[in-house]
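# Examination of the molecular architecture
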Amino acid sequence: MATEFQVTFDSADPGAQAVFWAQALHYVAAPPPRGFDSWDAALDAWGVPAEHRNDRAAIVDPDGVGPRVFFQKVPESKAVKNRVHLDLRAAAGAPPDGRAAALEAERVRLTALGAREAWRLEPDGIDELCIVMCDPEGNEFCLD
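Residues numbered from 1 in each chain as written. Predicted model: local features only at pLDDT ≥ 70, side-chain atom pairs only at ≥ 80, totals over all residues. Heavy atoms only, no water.

### A short note on the pattern of salt bridges
Enumeration according to the criterion identifies 10 salt bridges in this entry. A salt bridge links E140 to K78; the nearest nitrogen and oxygen atoms lie 3.3 Å apart. With a gap of 62 residues between them, E140 in strand 8 (residues 140–143) and K78 in the loop between strand 4 (68–73) and strand 5 (87–88) connect regions that are remote in the sequence. Overall, the relative accessible area of 12% leaves E140 in the buried class. For K78, a relative accessible area of 33% translates into the label partly exposed. A salt bridge links R107 to E104, with the nearest nitrogen and oxygen atoms 2.5 Å apart. (Salt bridge = Lys/Arg side-chain N within 4 Å of Asp/Glu carboxyl O. Helix = DSSP H or I, 4+ residues; strand = E, 2+ residues; numbered from the N terminus. Buried < 20%, exposed > 50% of the residue type's maximum accessible area, 1.4 Å probe, protein only.)

This is the structure we're talking about:
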């Protein structure tokens, strides 16, 4: 049996990162815990002060298939390239002559959400086109 896991991002603004990645991955905000009709109600019940309500955020696959993605506030900013990153398979299943167009369409969509293109790895006869992007806080991810 596979081990359940989540992907965790350190972040300066967990709420904003959750909004970006939910849109990027077609995920939704994690629902509030059982017994609460909203996150505010849960945080009120737990006595979490207003200044700490953006310390954590989570998103989930609405189909329940993909891993949960968790964002936690950290005091330091990102300083170097990620050692682990997500690959968004934007061209999976696209015919070879449609691959570049599929990646470009996703690049445009994600740029409108706040991402930026960092660089491109052009096809070289061995590897196919890959677009390296950065999320709003500078975390690298690939479109392939």
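### With respect to the sheet that holds strand 6 (residues 116–121)
The strands making up a sheet associate through hydrogen bonds between their backbones, and the pairing can be parallel or antiparallel. Taken together, the four strands give an open sheet; going across it, the order is 5-8-7-6, and neighbouring strands pair in mixed fashion. The outermost strands of the open sheet, each flanked by one partner alone, are strand 5 and strand 6. Pairing geometry for strand 7 (residues 130–134) and strand 8, over four bridges, is antiparallel. What sits directly across from C134, in strand 8, is E140. Across the sheet, helix 3 (residues 99–113) is in contact with strand 5, strand 6, strand 7 and strand 8; its angle to strand 7 comes to roughly 5°. (Pairing = 2+ DSSP bridges. Contact = heavy atoms within 4.5 Å. Axes fitted to C-alpha atoms, helices over the stretch in contact; angles between N-to-C directions.)

Keep in mind these numbers describe shape, not what the thing actually does.
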